[in-house]
Amino acid sequence: MCRKGKRADKIRPEEAKEAKITETHTGMFLKKISEKLERLANGDAGRKDITFSQGKVLWFLHRRENEGVTTMRDIEKFFDCSHATVSGIVSRLAEKGYVSLEPDKNDRRAKNVCLTEKERKCFSQMLERQRTIEEKLLGGFSPGEKQQLSEYLSRIYANLGGGTEGGYPRLTGEKSRD
């Protein structure tokens, strides 16, 4: 890990050690946590037909249900994903009967994504699984520590250029900041 214009042997060992931790440690932990969460969710025996990515989209749709229509573009912006990625996820959810796609009344090119009755019946199970995973994830944290963690994660997200389209992600039970 060389700094621009410096050779590695010119950096003090304690400086190199600190640089290594601050440059890679946090990102690596966040990546490993994300992968572990995805494996937990995908391995959930209660709902094998829904992937982690599909579950995130369903969660988003439920969260926005009282705010009016949700378009594919809304999903793309919130998750910072390409149109092709969102289109694939939503298409598979539609094939499984969890969402329907309807043309937008104001823009023929846009598609509104709507939850189906089949998904609404399964939502309480999805919420319960989410709470179980969150309890496991945040076990041993006090309410204050959970709030502080949420604030830190929001700052990290903002530092990386993350916006607030669709609102901030929230820990289960946390009140909205929107």
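Refer to the structure above for everything that follows.
Anyway, here's the lowdown on the structure attached to this text. (Residues numbered from 1 in each chain as written. Predicted model: local features only at pLDDT ≥ 70, side-chain atom pairs only at ≥ 80, totals over all residues. Heavy atoms only, no water.)

## Quick look at a positive patch on the surface
Selection criterion: Patch membership is restricted to residues that have no salt bridge and whose relative accessible area is over 30%. Joining uses 9 Å for like charges and 5 Å for the nonpolar side chains Val, Leu, Ile, Met, Phe, Trp and Tyr. Shrake-Rupley sampling with a 1.4 Å probe provides the accessible areas, and residues are treated as covered by the protein chains on show and by no other component. One side-chain nitrogen of Lys or Arg within 4 Å of one carboxyl oxygen of Asp or Glu is enough to make a salt bridge. We treat Lys and Arg as the positive residues and Asp and Glu as the negative residues; His and chain ends play no part in the count. A single reference atom marks each charge: NZ on Lys, CZ on Arg, CG on Asp, CD on Glu. Here a helix means four or more residues in a row that DSSP labels H or I, a strand means two or more in a row labelled E, and each is numbered from the N terminus.
A cluster of basic residues, Lys32, Lys36, Arg39 and Lys136, forms a positive patch on the protein surface. With respect to the secondary-structure elements, Lys32 resides in helix α1 (residues 13-42).

## Re a nonpolar patch on the surface
Residues Phe29, Leu30, Ile33, Leu137, Leu153, Ile156 and Leu160 make up a contiguous nonpolar surface patch of roughly 610 Å² in combined accessible area. Taken together, the elements giving at least two residues each to the nonpolar patch come down to α1 and α6 (143-159). Among the elements that take part in the nonpolar patch, α1 stands out by supplying three residues, more than any other. Of note, Ile156 is situated in helix α6.

## Structural notes on the packing of aromatic side chains
We apply this condition: Ring geometry is summarised as follows: Phe, Tyr and Trp rings, the Trp one being its six-membered ring, pair when their centres sit within 6.5 Å, and such pairs are stacked at plane angles under 30 degrees, edge-to-face over 60 and tilted between the two. Only when the NZ atom of a Lys or the CZ atom of an Arg is both within 6 Å of the ring centre and within 35 degrees of the ring normal do we say a charge sits over the ring.
Throughout the structure, instances matching the rule amount to four aromatic pairs. Between Phe60 and Phe79, the ring centres sit 5.7 Å apart and the planes meet at 70°, which makes this aromatic pair edge-to-face. Taken together, the residues span a long stretch of sequence, with Phe60 in helix α2 (residues 52-64) and Phe79 in helix α3 (residues 72-79) at a distance of 19 residues. Cation over ring: Lys118 sits above Tyr98, and NZ or CZ is 4.6 Å from the ring centre.

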